[in-house]
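What the coordinates show
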Amino acid sequence: SGINAEYEQLETDSFQMEIPKSLANADVAVRLIHTSYDFLSPKCKTFYAQKKKTPAPSRVASVLGNAEGENNENNGMDEIKEENDNQEVKKEEEGEGGEQPINENVLPDRPATPSDVEEIEDEDIVDMRAMSTVGGVMYLDLLKLPPQAKKVGSWVIQDITEKKLERIPNPKPEDEREEEEEAKEGEEGGEAALSQITKELTWPLLNMSFTVAPNAIFTEEPMLARWEDSQQCWRTDGFEDVKFEEETGKISFKSQFIGPIVTFQDSYNNMPFQSWEIRPHGPGCVIFTLIAASVEIEISIKENLCCLNSPEDYELDGIRNKWLPSHILIQKLMAAGINVFPSEDADKYVSISNKEDEIETLMYEQMALASSAFAFSWSRWNADCGEKRMIVRGAENLTTAPVDEDMWKNYSCEPQKCYTLKCTDDDDDLFDEKLEETQFHPDLFHCLKEGASPDATKTMSSTPYGFVDNVSTWLFATKVLTFS
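Let us look at the structure shown here. (Residues numbered from 1 in each chain as written. Predicted model: local features only at pLDDT ≥ 70, side-chain atom pairs only at ≥ 80, totals over all residues. Heavy atoms only, no water.)

**Some points on a nonpolar patch on the surface**
For clarity, the threshold we go by: Like charges are joined within 9 Å and nonpolar side chains (Val, Leu, Ile, Met, Phe, Trp, Tyr) within 5 Å, but only among residues with over 30% relative accessible area and no salt bridge; these make up the patches. Shrake-Rupley sampling with a 1.4 Å probe provides the accessible areas, and residues are treated as covered by the protein chains on show and by no other component. A carboxyl oxygen of Asp or Glu within 4 Å of a side-chain nitrogen of Lys or Arg is what we treat as a salt bridge. Put simply, DSSP marks the helices as runs of H or I at least four residues long and the strands as runs of E at least two long, and each gets a number from the N terminus on. For each residue, the accessible area found with a 1.4 Å probe, counting protein chains only, is set against the maximum for its type, and the residue is called buried under 20%, exposed over 50%, and partly exposed in between.
Together, Val152, Trp155 and Ile157 give the surface a local cluster of nonpolar side chains, amounting to about 360 Å² of exposed area. Relative to the elements of secondary structure, Trp155 occurs in strand E6 (residues 155–157). Looking at Trp155, the relative accessible area reads 65%, which means it is exposed.

**Description of the sheet that holds strand E17 (residues 306–310)**
Quick note on the threshold: Two strands pair if DSSP finds at least two bridges between them. Throughout, a contact is declared for two residues whenever any of their heavy atoms are within 4.5 Å. Simply put, an axis is a line fit to the C-alpha atoms, just over the touching stretch for a helix, and the angle between two N-to-C directions goes from 0 to 180 degrees.
Taken in spatial order, the 9 strands line up as E18-E17-E16-E15-E14-E19-E20-E21-E22 in an open sheet, and their pairing is antiparallel. Both outer strands of the open sheet, strand E18 (323–324) and strand E22 (417–420), are each paired with one neighbouring strand and no more. Two strands pair when backbone bridges link them, and strand E16 (residues 296–301) and E17 are joined in this way by 4 bridges, in the antiparallel orientation. Paired with Ile299 across the bridge in E17 is Leu308. Its contacts with the sheet put helix H8 (residues 357–370) on strand E14 (275–280), strand E19 (374–377), strand E20 (390–396) and strand E21 (409–414), and the angle it makes with E20 is roughly 5 degrees.

**Some thoughts on the packing of H8 against helix H11 (residues 465–478)**
Note the cut-off: The scheme is simple: roughly parallel for angles under 35 degrees, roughly antiparallel for over 145, roughly perpendicular for 65 to 115, oblique for anything else. Handedness of a crossing follows from how the near helix is turned relative to the far one, being left-handed for an anticlockwise turn of less than a right angle and right-handed for a clockwise one. Any residue that is not Ala, Val, Leu, Ile, Met, Phe, Trp, Tyr, Cys, Pro, Asp, Glu, Lys or Arg is counted as polar, Gly included; the first ten are nonpolar and the last four charged.
Relative to each other, H8 and H11 sit at 140 degrees, their axes nearing to 8 Å. Compared by their axis directions, H8 and H11 come out oblique. Crossing handedness for the pair H8 and H11: right-handed. Between H8 and H11, the contacting residues are Thr361, Tyr364, Glu365, Met367, Ala368 and Leu369 on the first element and Val468, Val471, Ser472, Leu475 and Phe476 on the second. Residue composition of the contact of H8 with H11, by class: 8 nonpolar, 2 polar and 1 charged.

**Some details on the pattern of salt bridges**
Counted by the stated rule, this structure contains 14 salt bridges. We note a salt bridge from Lys254 to Asp241, for which the minimum N-O separation is 3.7 Å. Residue Lys254 is found in strand E12 (residues 250–255), and its partner Asp241 is found in strand E11 (residues 240–245); the two are separated by 13 residues along the sequence. A salt bridge links Lys422 to Glu436, with the nearest nitrogen and oxygen atoms 3.0 Å apart. Linking Lys422 in the loop between E22 and helix H9 (444–450) with Glu436 in the loop between E22 and H9, this pair joins segments that are 14 residues apart in sequence.

**Here's the deal with the side chain of Thr420**
Mapped onto the elements, Thr420 comes out in strand E22. If we ignore the near neighbours within four places in the chain, the residues touching Thr420 are Lys409, Asn410, Tyr411, Glu433, Lys434, Leu435, Thr438 and Cys447.

**Concerning the environment of Leu10**
Summarising the element assignment, Leu10 is placed in strand E1 (residues 7–11). For the pair Leu10 and Val30, spaced 20 residues apart in sequence, the C-alpha separation works out to 9.0 Å. Among residues more than four places away in sequence, those in contact with Leu10 are Phe15, Gln16, Met17, Ile19 and Val30.

**Observations regarding the state of the cysteines**
Short version of the rule: Cysteine sulfur atoms that pair up within 2.5 Å are treated as a disulfide.
Applying the stated criterion to the full structure yields 0 disulfides. Cys285 takes part in no disulfide bond, and the closest cysteine sulfur, belonging to Cys307, lies 9.2 Å away. Assessed through its relative accessible area of 7%, Cys285 is described here as buried.

In structure tokens, the structure reads:
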């Protein structure tokens, strides 16, 4: 079709841009920097989870408790200490925050809930708690060139300047420019006061395109955003004719904005999970399978390393079939758009099975301890058994083969109480009845040992601590018991 003569082509391996002649002939330069790390998002107000402000607990009770245990000869000092502490508490009550003291038995700070987090009024501002950057950041700048050398006869004249590179600002919207010019018409020299370079360099919408990330997975069209430095946030306005080619990962658009540009995708597009399973796969190895909303992943976990086995139908050559430490693989999966790791305030964006933190923590620890000899899987009854109780399927498995369906048993777990349920996932209703000839136990690990074979017991007792820690890392990172 030919190249438009009114435009100059700027092209790199992953970025293309059409520059109008008016801009190309000016004393300007275009600078493009692509970073895989996002340095700007941590500046956003919504980047970190907002927690409910909890007043400082009263110290009076602890002071009184200490006074009762002291000798009588120290009572005088304790009374003075108590009086000083009471004054401090009173100041806290009358402080700037107006916060009231609470009982010392108050629960620790918890993650923010929807009622605690401030809502974003501007719909064009990206909520960093709900969205994740993919493919790094494109830093696009328009710079004013320094004075160029001039050749006069046999002489080369060069102006020496100590000024730093000057970034040319984006042109203001037409309505704002008109208001600004009208306001300065009455001022002496108002027109001359306007920057000549800024007046001349107003440009139309620019055609741009770039490849988001060669190894990224997009289950839906990514969202474009630009950095607004005055507001310290990412904004989605200012783009037109946005098109995304799923096969090549190329996104094209028109925009008058020149500055940092990034692509976002929904952080929770894979949640809640459909199912999960973790099962032994030979000595010192387990297979962790997670079926999410739009992708199924399989990971082999050993003592100190882990390996992504699938998905195989995506371009993940830099990640798949490579043994890596858990934290490195988690980072690479998130960078590739496979986010199956809930944040602390994920319950604002995802419907989950609410469970108490204590029982969830105990379950992950006990499952990791027994994972070398027992397989575990999602149970349909876990979401219906209340916040203080969890139900998980388990089965002894010392082979590399998948577990037969009739081998699974349901285990009901509460703090200080665990037992084997007679009810299975094939039943129509959940009925709370203990399996015959089984006992109550204080935790899942001892409940499993009750019906374990000698070989399974020996395998669990000889499991390396590093292996247990590595398995628990993935269970805690994915929170499969509450997000399935």
